[in-house]
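# Chains, contacts and geometry: an overview
One letter stands for each residue in the lines below.
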Amino acid sequence: MSTTSTSGRVRAVSAGTERPGRPPVVLLPGLGAPGYLLDTLHGCAAATRAHLLDVPGFGGPGPLACEPVIDAIAGTVAAWLDRPSVLFGHSTAAQVAIAVAVRRPDLVRALVLAGPTFPPELRRLGPLSVAFLADVVHESPSALPGTVPHYLRAGPRRLLRMIRSAQRDEPERAMPLLRCPVLVVRGRRDTLSPEPWARSLAAASGGEFVTVPGAHTFPARSGGVTSALITEFAEG
């Protein structure tokens, strides 16, 4: 059973029961579209208490929880956390998760980064568009119901602002500062998070690297696999 709550202006869907020795899992969605991570949420909830945050707030009506930029989202997530947790970030939210772990290392027990964006060569809209089109042909339609309604609610101006914010971010500079265990996960056909880039982030933090089937939005069709990776890494 899952519940939806609002803390301040942050909407969260929560499920599962917190268990001794198992920190809660907090999921952060890429480009502010929480719907595609619901299966991952319920998979994590089988092992511990899990929360899916709607940040910056594209998942429902009303005002945003924060501005749709990496720094503001990271500040909002850091303020929401109230205990050491396993933090999962996918796509642009991987950059958010890194920023939170640097700001508040006391609140991040472990970090799982899925499909982290953007390598230097994709920090311009032209090359990014080419990489996006190369990825789309390998994506599953199962990702659409959990993403498109949120993108429509956000509108192109907010989405573009979020993308440009992520392109200006340089997560590679922050990775050596991390003090928690790190797992980087990449879909085998993901052109938005190329393998050399994902591997370099894992290496910079002394973390682990795993490749899974699928393209950039692999959690949308592989929630069970994704949640197993998160919980097994947290336990190990």
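Preceding this paragraph is the structure being described.
To start, this report covers the structure provided alongside it. (Residues numbered from 1 in each chain as written. Predicted model: local features only at pLDDT ≥ 70, side-chain atom pairs only at ≥ 80, totals over all residues. Heavy atoms only, no water.)

### What to know about the layout of surface pockets
Computed from the structure, the largest pocket encloses a volume of approximately 660 Å³. Of all elements in the fold, only helix H4 (125–136), helix H5 (148–154) and helix H6 (156–168) reach the threshold of two or more residues within the lining of the largest pocket. A per-element tally of the lining of the largest pocket places H4 first, with six residues. For the second largest pocket, the calculated volume is near 150 Å³. For the second largest pocket, the lining is made up of eleven residues, of which Arg11, Val13, Pro34, Asp54 and Gly59 are closest to its centre. For the lining of the second largest pocket, the secondary structure elements donating two or more residues are strand E2 (10–15) and strand E4 (50–54). For the lining of the second largest pocket, the residue count by class is six nonpolar, three polar and two charged. (1 Å grid on protein atoms, 1.4 Å probe; cavity = no way out; pocket = protein on both sides within 12 Å on 5 of 7 lines; lining within 4 Å. Points joined across faces, edges and corners; volume = space filled by probe spheres on them. Helix = DSSP H or I, 4+ residues; strand = E, 2+ residues; numbered from the N terminus. Nonpolar A, V, L, I, M, F, W, Y, C, P; charged D, E, K, R; others polar.)

### Considering empty space enclosed by the protein
Across all of its chains, the model carries one cavity of 30 Å³ or more by this definition. In this structure, the largest cavity spans a volume of roughly 40 Å³. Together, Leu28, Pro29, Leu31, Val55, Ile70, Ile73, Thr92, Ala93, Val96 and Met162 line the largest cavity. For the lining of the largest cavity, the secondary structure elements donating two or more residues are helix H2 (70–80) and helix H3 (92–103). The element that contributes the greatest number of residues to the lining of the largest cavity is H3, accounting for three residues.

### Observations concerning helix H1 (residues 38–45)
Residues of H1 that are buried include every one of Thr40, Leu41, Cys44 and Ala45, and no others. The buried residues of H1 occupy one face: seen down the axis, they fall within an arc of 140°. Looking at the buried positions of H1, the neighbouring elements they touch are E2, strand E3 (25–28), E4, helix H9 (218–221) and helix H10 (223–235). (Buried < 20%, exposed > 50% of the residue type's maximum accessible area, 1.4 Å probe, protein only. Arc of directions from axis to C-beta. Contact = heavy atoms within 4.5 Å.)

### Re the state of the cysteines
Counted under the stated rule, the structure contains zero disulfides. With no disulfide of its own, Cys44 lies closest to Cys180 among cysteine sulfurs, the gap being 16 Å. (Disulfide = S-S within 2.5 Å.)

### Considerations on the packing of H1 against H10
Two elements in contact, H1 and H10, have axes separated by 8 Å at closest approach and are oriented at 45°. It follows from the interaxial angle that H1 and H10 lie oblique. By crossing handedness, the relation of H1 to H10 is classed as right-handed. Contacts from Asp39, Thr40, Gly43 and Cys44 of H1 reach H10 at Gly223, Thr226, Ser227, Ile230 and Thr231. Its residues assigned to classes, the contact of H1 with H10 shows two nonpolar, six polar and one charged. (Axes fitted to C-alpha atoms, helices over the stretch in contact; angles between N-to-C directions. Parallel < 35°, antiparallel > 145°, perpendicular 65-115°, else oblique. Left-handed = near helix turned anticlockwise from the far one by under 90°.)

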